[in-house]
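# Summary of structural features
For reference, the chains in residue letters:
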Amino acid sequence: MAPPDHSAPASTPGPAGPRAARRFELLTLGDELLLGLTANSHLTWIGQQLGRRGVQLARNVTVTDEAAAIAAEVRASWARADVVITTGGLGPTCDDRTREAVAGVLGQKLVFDPAIEHAIAERFRGFGRKMTPNNLKQAYRFERGEVLPNANGTAPGLWVEQDGRVLVMLPGPPNELQPLFTEQVLPRLAKLGLVSDREAYVQLRTAGVGESGLETKLQPIFDRVGDALSVAYCAHQWRVDVRLSSPDGRLAPPALQAVADECAALLGEDFVNYGHDSLAKVAADLLRAQEKTLAIAESCTGGMLANAFTDICGASKFFRGAIVCYSNDLKTQLLSVPDCLLEQHGAVSEECAVALATSVAETLEADYGLAITGFAGPTGGTKDDLVGTIHLGLHSPHGVWSKKLNFTAARTTVKERAVTVAVDWLRRELARVASGAVTPTRRATMIG
């Protein structure tokens, strides 16, 4: 499949990488995106998936549901891109106009496909519901195109190769789009040499060290490797990802991994893992490996800490449960935190955090207890513990500790950072136990 001629020079293909630099454009369709009713998560997710395969999106445009607007943007992208991806507008209702608008741009007819009709009917039958006639709108495909079966919805994806280009049309719901993309679209693109057939970089996940500090620490390694190495940083709440690649292919995958291993050894406990697993997943794997269990007590984070672990498949193997005790009464009633402790030290204190962690571990019969209490803001706080102050408690078979944090940020950010630091603290303790290292000191203070 010959690509269209672009003015930008093509890059030299690397090991298992795309055969040349290709232009990918993404059109995210739907009024709900422009009205702010739905977040444009497709850009983030698809950009991430393509980035892992050595491709950077050249352009993303969010388009209304109007047929003329859709046609205009598809026509513009089709004129300059090698791969055009659209999301949304393939459903059964009157505002789903993408299929018809694109057919006009491609100069293709839409033909009715009985196989799609059968798949839609079977899905309705499985739900015990009657299929309404407007669902048949989804049974049309391009006359010179292919269908991407959708096991999680009624609208299939569509695939067209024409004029040396590829068009990928995906349904809007993320639970439908994402499996289609990973299981069908990426393998097809890799077969055509448009994306790498494996991850194009090695990613190190780090925690507890800032982006600038991380670069300062690792730069001597990168300087020694030279310009064959490309380094990129991506900062998140309390953690930073480092991506190592060799766009021109001078460093083969084993050489990249060797550089990553050297970085990991230098970082010590600040190195979390390779790849894309979350901090909670890494901590969960350590819990399972050590055959230990976890219980959680949280106040100001309102269940976010528990959710970080229950998002993991198989959490019941290590996660005993959680108690969200927002009020002081519930701290006393559910977890037996003494009234005198709350009166003397307050609910936002290291004493309360330790009491919560210990009590939830004992109450739910877990090996580890992890607790969060604090002033998330924007109101509250005291002269000693300002808004943004968080106290963590960690109970383990080896002892119990507290940690004080202070974040100057919006309420949601304070909560997110508190959860991230709490999970990372548990990960570090579990890693120390696994390595036989000495446990941390009784108290620790962290300002961030």
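Check the entry above for the structure.
I will try to describe carefully the structure that is included in this document. Along every chain, residues carry numbers that run from 1 in the direction the sequence is written. Two thresholds apply to this predicted model, a pLDDT of at least 70 for residue-level local features and 80 or more for giving and counting side-chain atom pairs, whereas whole-chain, interface and lining totals are computed over all residues. Hydrogens and waters are ignored; side-chain quantities use all the structure's heavy atoms.

### Details of the sheet that holds strand β7 (residues 157-162)
Filter applied, for reference: Only strands joined by at least two bridges in the DSSP assignment are considered to pair. Every helix listed is a DSSP run of H or I at least four residues long, and every strand listed is a run of E at least two residues long, numbered separately from the N terminus. Only the stretch in contact is used when fitting a helix axis, every axis being a line fitted to C-alpha atoms; angles between N-to-C directions are given from 0 to 180 degrees.
Read from one edge of the open sheet, 6 strands run β2-β1-β3-β8-β7-β6, paired in mixed fashion. Two strands in the sheet have a free side with no partner beyond their single neighbour: β2 (59-63) and β6 (146-148). When strand polarity is set aside, the average angle formed by the axes of neighbouring strands in this sheet is 20 degrees. In this sheet, β2 lies alongside strand β1 (residues 24-29) in parallel orientation, the contact comprising 5 bridges. Note on β2: the bridge partner recorded for L29 is V63.

### Side note on the layout of surface pockets
Put simply, the rule is: Using a 1 Å grid laid over the protein atoms alone, points where a 1.4 Å probe fits but cannot get out form a cavity; open sets with protein on both sides within 12 Å along at least 5 of 7 lines form a pocket; any residue with an atom within 4 Å of a point counts as lining. Grid points are joined across faces, edges and corners, and a volume is the space filled by probe spheres set on the points.
There is about 400 Å³ of room inside the second largest pocket. Looking at the second largest pocket, it is lined by 14 residues, and the ones nearest its centre are S278, A280, A308, V419 and T420. Where the lining of the second largest pocket is concerned, the elements lending two or more residues are α9 (279-289), α10 (304-310) and α14 (411-435).

### Structural notes on the packing of aromatic side chains
This is how the line gets drawn: Between rings of Phe, Tyr and Trp, where Trp is taken as its six-membered ring, a pair exists when centres lie within 6.5 Å; planes separated by under 30 degrees are stacked, by over 60 edge-to-face, and by other angles tilted. For a Lys NZ or an Arg CZ to count as sitting over a ring, it must be within 6 Å of the ring centre and within 35 degrees of the ring normal.
Inspection of every chain in the model, using the stated rule, returns 6 aromatic pairs. Taken together, F309, F318 and F319 form an aromatic cluster joined through their ring pairs. Stacked on the ring of W159, the Lys or Arg R188 has its end atom at 5.1 Å from the ring centre. Between R243 and the ring centre of Y201, over which it is positioned, the NZ or CZ distance is 5.8 Å.

### Focus on helix α6 (residues 174-191)
Defined as follows: By this rule the span expected of a helix is its residue count minus one, scaled by 1.5 Å. Two axes are fitted around each residue, one to the seven residues ending there and one to the seven starting there, and the angle between them is reported as the bend at that residue.
Counted at 1.5 Å a residue, the expected span for α6 with its 18 residues is 26 Å, and the 24 Å between its end C-alpha atoms agrees. Considering bend angle alone, the principal kink of α6 is centred on F181 and spans about 45 degrees. One or two residues past the end of α6 sits G193, with phi positive at roughly 80 degrees.

### Here we look at the environment of R129
Threshold: When accessible area is computed with a 1.4 Å probe and restricted to protein chains, residues below 20% of their type maximum are described as buried, those above 50% as exposed, and intermediate ones as partly exposed.
Within the secondary structure layout, R129 lies in the loop between α5 (114-127) and β5 (140-142). Using a relative accessible area of 54% as the deciding quantity, one classes R129 as exposed. For the pair formed by R129 and L110, sequence separation is 19 residues and the distance between their alpha carbons is 27 Å.

### Some details on a negative patch on the surface
Spelled out, the test is: Grouping into patches uses exposed residues only, defined as over 30% relative accessible area, and leaves out salt-bridged ones; the cut-off is 9 Å for like charges and 5 Å for nonpolar side chains (Val, Leu, Ile, Met, Phe, Trp, Tyr). Computed with a 1.4 Å probe, the accessible areas rest on the Shrake-Rupley method; for each residue, only the protein chains presented here act as cover. A pair is scored as a salt bridge if a Lys or Arg side-chain nitrogen falls within 4 Å of a carboxyl oxygen belonging to Asp or Glu. In this tally, Lys and Arg are treated as positive and Asp and Glu as negative; His is ignored, and so are the chain termini. Note that the charge is assigned to NZ on lysines, CZ on arginines, CG on aspartates and CD on glutamates.
On the surface, a cluster of negative charge is contributed by D31, E32, E66 and D95. Inspection of the secondary structure puts D95 in the loop between β3 (83-87) and α4 (98-106). On the accessibility criterion, D95 (33% relative accessible area) is partly exposed.

### Things to note about the nonpolar core
Most often, soluble globular proteins keep nonpolar side chains buried together rather than apart. The line we're drawing: Residues grouped as a nonpolar core are buried Ala, Val, Leu, Ile, Met, Phe, Trp, Tyr and Cys residues, joined through side-chain atoms within 4.5 Å.
Counting 37 residues, the largest nonpolar core has L294, L305, F309, I372, I390 and L426 as its most contacted members. Among the secondary structure elements, those contributing two or more residues to this core are α9, β13 (294-298), α10, β15 (368-374), β16 (389-396), β17 (399-406) and α14.

### Re the pattern of salt bridges
Pairs can form between side chains of opposite charge whenever their charged atoms are close. Counted by the stated rule, this structure contains 23 salt bridges. The residue E73 makes a salt bridge to R59 at a minimum N-O spacing of 3.3 Å. Placement of the pair is E73 in helix α3 (residues 67-80) and R59 in strand β2, with a sequence separation of 14 residues. On the basis of relative accessibility, which here comes to 23%, the residue E73 falls in the partly exposed class. Overall, the relative accessible area of 24% leaves R59 in the partly exposed class. With a closest N to O distance of 3.1 Å, R250 and D227 form a salt bridge. One end of the pair, R250, is in the loop between β11 (239-245) and α8 (253-267); the other, D227, is in the loop between α7 (211-225) and β10 (230-236), and 23 residues separate them in sequence. By relative accessible area, R250 is classed as exposed at 51%. It is possible to trace a salt-bridge network through shared partners that takes in E269, D270, D424, R427, R428 and R432.

### Considering empty space enclosed by the protein
Let me state the cut-off plainly: Throughout this entry, Asp, Glu, Lys and Arg are counted as charged residues, while Ala, Val, Leu, Ile, Met, Phe, Trp, Tyr, Cys and Pro are counted as nonpolar. The remaining residues, Gly among them, count as polar.
Across all of its chains, the model carries 1 cavity of 30 Å³ or more by this definition. Roughly 30 Å³ of internal volume is contained in the largest cavity. Counted by class, the lining of the largest cavity contains 2 nonpolar, 3 polar and 3 charged residues.

All we've got here are geometric facts, nothing functional implied.
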